[in-house]
Amino acid sequence: MTDRPPLALVGTESEARTADLAAERALVLAAQTGDRSAFAGLVQRHQRRAYTVARAIVLSHEDAEDAVQEGFLHAYRALERFRPEQAFGAWLHRIVANAALDIARRRKVRETDELPETLASPHRDPAEAKELRERLDAALATLGERQRAVIVLHDVEGYKHAEIGDLLGIPEGTARSDLHHARTHMRRLLGNLRSTS
Amino acid sequence: MKHGFKSDRSAGADPALSALLRGAYAPPAEDAYWERLEQRVLARLSDTPVTAWWNVLSEWRLIGAAAALLAVVLTGATIVRELSSAQTSSEMAAGAVIESGFSVDEATLTARGRRLPPDAPERYLEPFGY
């Protein structure tokens, strides 16, 4: 039990967390009365996480930016309906995820035909990062948007199954099985990664 | 909300794939990028009012007034139409009676007052002894 932080440190972290939540709540309440600078404060606090949520769902950086902007716009319009006792971040990220899912559905692009042959060729040169990235993008594009979102949110962003379920509006079990299928699919398409990366 | 990267250790995770995904999905690192994104978000909000309840009421005030005016006009039109229809019905009924083939003798039509039987005065003066 030596790896536990000292109690004083735990107390400080807890106090900092409480203060942070109180500051956020104050921003939310001010924003609900129409204070734009307060909403700007909320944008500052949440835009990075909102971007990672959106980026997990859509296929491109540009679409993720659009989803973030759409998400904040929807949140601003619906601010009156937000209850301050809720977690603002979870509420906002759900909205951003929905905006991203909308964009992903509109731009559903599947390029499965060329993949197997391309992916079968071994990646020998480490300098060919661009090619590797292209293969990864192509493999990700063959996943459904929900499976792609689940694998990125879980394996990249570290979200738990239940959190992913909340974000995407699906049961935890579905998130779990989506993750399994997405990993299997990616492993099949990028089977030689382990030996090359 | 801070999420650790402990997922790699979960069953089925592929560290190589996770590392590759992390590289591909890394958010931009420059602060300038986030400042620009924030400005773009706020610029899009500039013509979006907060939907507070009083704003919602204000938005619906004009629509409500127009709906009320329309209701008054429709109600008035309905009343006028009903009155006109009732008048037409009574006129038609009167016309039907006049134009009907019901036979009325001339004396009835030309009589000015109430017609009494010939022995009426006696009956009136002695109602019990008549």
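Residues numbered from 1 in each chain as written. Chains lettered and ligands numbered in written order. Predicted model: local features only at pLDDT ≥ 70, side-chain atom pairs only at ≥ 80, totals over all residues.

**Describing the overall build of chain A**
A count of helical and extended segments in chain A gives 10 helices and 0 strands. The helix and strand sequence of chain A, counted from the amino end, reads α-α-α-α-α-α-α-α-α-α. Each of the 197 residues in chain A was classed as buried or not, and the buried ones make up 37%. Across chain A, contacts joining residues at least 24 apart in sequence account for 66% of those joining residues at least 6 apart. (Helix = DSSP H or I, 4+ residues; strand = E, 2+ residues; numbered from the N terminus. Buried ≥ 20, exposed ≤ 12 C-beta atoms within 10 Å, placed from the backbone. Contact = placed C-beta atoms within 7 Å.)

**Observations concerning the overall build of chain B**
On a plain count of helices and strands, chain B comes out with 5 helices and 0 strands. Taken over 130 residues, chain B has a buried fraction of 6%.

**Comments concerning the nonpolar core**
Residues and elements named next belong to chain A. Ranked by internal contacts, the top residues of the largest apolar core, which has 58 residues, are Ala54, Ile57, Ala67, Val68, Val96 and Ala100. The element contributing the most residues to this core is helix α4 (residues 88–106), with 10 residues. Those residues within four positions of Ala54 in sequence are excluded, and the remaining contacts are Ala64, Ala67, Val68, Gly71, Val96 and Ala100. (Core = buried A, V, L, I, M, F, W, Y, C linked by C-beta atoms within 7 Å.)

**Quick word on the confidence of the model for chain A**
Residues and elements named next belong to chain A. Averaged over all residues, the pLDDT of chain A is 80; the fraction at 70 or higher stands at 80%. Here helix α5 (residues 115–120) is the element of chain A with the lowest mean pLDDT, 39, and helix α3 (residues 61–77) is the one with the highest, 92. Confidence drops under a pLDDT of 50 for residues 110–124, and excluding neighbours within four residues, the segment shows 22 contacts in the predicted structure. (pLDDT = per-residue confidence, 0-100.)

**What about the packing of α4(A) against helix α8 (residues 161–168) of chain A?**
Residues and elements named next belong to chain A. Orientation of α4 relative to α8, taken along the N-to-C sense of each, is 60 degrees, at an axis distance of 8 Å. The angle between α4 and α8 falls in the class oblique. Residues Ala90, His93, Arg94 and Ala97 of α4 form the contact with α8, whose participating residues are Asp166, Leu167 and Leu168. Split by residue class, the contact of α4 with α8 holds 4 nonpolar, 1 polar and 2 charged. (Axes fitted to C-alpha atoms, helices over the stretch in contact; angles between N-to-C directions. Parallel < 35°, antiparallel > 145°, perpendicular 65-115°, else oblique. Nonpolar A, V, L, I, M, F, W, Y, C, P; charged D, E, K, R; others polar.)

**Things to note about the packing of helix α2 (residues 36–57) of chain A against helix α2 (residues 31–45) of chain B**
The description of two helices packed together rests on the angle between their axes and the distance between the axes. Running from N to C, α2(A) and α2(B) cross one another at 135 degrees; their axes reach a closest spacing of 10 Å. Between α2(A) and α2(B), the angle falls in the class oblique. Handedness of the α2(A)/α2(B) crossing: right-handed. Note on element contacts: α2(B) touches α2(A) through B:Trp34, B:Leu37, B:Glu38, B:Val41, B:Leu42 and B:Leu45, opposite A:Arg36, A:Phe39, A:Ala40, A:Val43, A:Gln44, A:Gln47 and A:Arg48. Among the residues making up the contact of α2(A) with α2(B), the classes are represented as 8 nonpolar, 2 polar and 3 charged. (Left-handed = near helix turned anticlockwise from the far one by under 90°.)

**Quick notes on α4(A)**
With 19 residues, α4(A) ought to run about 27 Å at 1.5 Å a step, and its terminal C-alpha atoms sit 27 Å apart, in line with that. Regarding α4(A), the residues found buried are A:Phe88, A:Leu92, A:His93, A:Ile95, A:Val96, A:Ala97, A:Ala99, A:Ala100, A:Leu101, A:Ile103 and A:Ala104. (Expected span 1.5 Å × (residues − 1).)

**Some details on the confidence of the model for chain B**
Residue and element names in this part refer to chain B. With 58% of its residues at a pLDDT of at least 70, chain B reaches an overall mean of 74. Taken as a whole, residues 4–9 scores under 50 in pLDDT and shows 10 contacts with residues more than four places along the chain or in a different chain. This prediction of the complex comes with two scores: 0.60 for pTM and 0.71 for ipTM.

**Considering the environment of B:Ala24**
Counting through the fold element by element, B:Ala24 comes out in helix α1 (residues 15–24). Apart from the residues lying within four places of it in its own chain, the contact partners of B:Ala24 are A:Arg133 and A:Leu136.

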